[in-house]
Amino acid sequence: MKITWLGQSSVQIITDNQLTILIDPFIKDNPLVKTTVAELNPDYILVTHAHYDHVGDTIELAKQSDATVISITDLANYFKSEGLTVEALNFGGQLMLPFGSVKLVPAWHTAALAIDGDPRTLGVAAGFELHIDGKVLYHAGDTALFSDMKLVNHMEPVDLAFLPIGDTFTMGLEDAAIAAEFVQAKKVVPIHYNTFAKIEQDPVEFVQLLNDGVGIIPEIDVPFEF
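Residues numbered from 1 in each chain as written. Predicted model: local features only at pLDDT ≥ 70, side-chain atom pairs only at ≥ 80, totals over all residues. Heavy atoms only, no water.

> What is the right way to look at the side chain of Asp142 in this model?
Mapped onto the elements, Asp142 comes out in the loop between strand E12 (135–139) and strand E13 (160–164). One buried charged side chain, Asp142, makes no salt bridge at all; its nearest oppositely charged neighbour is Lys198, positioned 14 Å away. A polar contact of 3.2 Å, which involves the side chain of Asp142, links it to the side chain of His192. (Helix = DSSP H or I, 4+ residues; strand = E, 2+ residues; numbered from the N terminus. Buried < 20%, exposed > 50% of the residue type's maximum accessible area, 1.4 Å probe, protein only. Lys, Arg positive; Asp, Glu negative; His and termini not counted. Salt bridge = Lys/Arg side-chain N within 4 Å of Asp/Glu carboxyl O. Polar contact = N/O pair within 3.5 Å; in protein donor to acceptor, adjacent residues only side chain to side chain.)

What follows is the structure, encoded as structure tokens:
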């Protein structure tokens, strides 16, 4: 598969059968991303929670590409009210899809979106356990460290984990390194850092907390093979 980190928590995955999965597409308002919304053509959009830097450009992208949006039930209902095609999940729920499967797993975080100036809580924050092309990927979304991360993939190793390191609003470096151990990640990509002043972190320092060869620091907008 081909993976592109699009800054913040946004990740694009192109599967071996050429299906495109886009997670938390925060594009237009992300100052670090060069990729444009017009360049993206997802088949599926996965949204971890309702904060604006994760919902991002979901509505425009889904209408532009006729993508199916997958999220926790309450947020999915909001997207449905906006005319989108949705698949709603709740914790522990799993969808079988043409590329493999998506399972909704817990995260510890808040989840509200300003709609017409009024903050609305739309479910709670979540992460995704993905089974794609024979590999297991874990996108933690925004979260604190918590011990039930050990249950991801039924306590078996995860091939690739996307873990927030920005601190202030999520795990920081040390907690994210422990999270990598909890999910037995073979490879880890740090996310949710350096987009704003309050989440500035050095990803090299984070990688140094991991076992040798585990950390991957991709360049924003540049795909890598996995």
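> What's the story with the environment of Gly172 in this structure? I'm lost.
Tracing the sequence through the fold places Gly172 in the loop between E13 and helix H4 (173–182). Judged by relative accessible area, which is 7%, Gly172 ranks as buried. Considering only alpha carbons, one finds Gly172 and Leu145, 27 residues apart in sequence, at a separation of 9.1 Å. Apart from the residues within four sequence positions on either side, Gly172 is in contact with Ile165 and Asp167. (Contact = heavy atoms within 4.5 Å.)

> Quick question: what am I supposed to make of the packing of aromatic side chains here?
Here a ring pair, both rings aromatic, is described through the centre-centre distance and the interplanar angle of the planes. One pass over the structure, following the stated rule, counts six aromatic pairs. Seen from their ring centres, Trp5 and Tyr193 are 5.3 Å apart, and the 20° between their planes marks the pair as stacked. Of the two residues, Trp5 is situated in strand E1 (residues 2–5) and Tyr193 in the loop between strand E14 (187–191) and helix H5 (203–207); the sequence distance between them amounts to 188 residues. Considered together, Trp5 and Tyr193 belong to a single accessibility category, that of buried residues. In textbook terms, an aromatic cluster arises when at least three aromatic residues are bridged by ring pairs, as seen for Phe26, Tyr52 and Phe196. Sitting above the plane of the Phe226 ring, Lys135 keeps its charged end 4.5 Å from the centroid. When the ring centre of Phe182 is taken as origin, the NZ or CZ atom of Lys150, which lies over that ring, is 4.6 Å away. (Phe/Tyr/Trp six-rings, centres within 6.5 Å; stacked < 30°, edge-to-face > 60°. Lys NZ or Arg CZ within 6 Å of the ring centre and 35° of its normal.)

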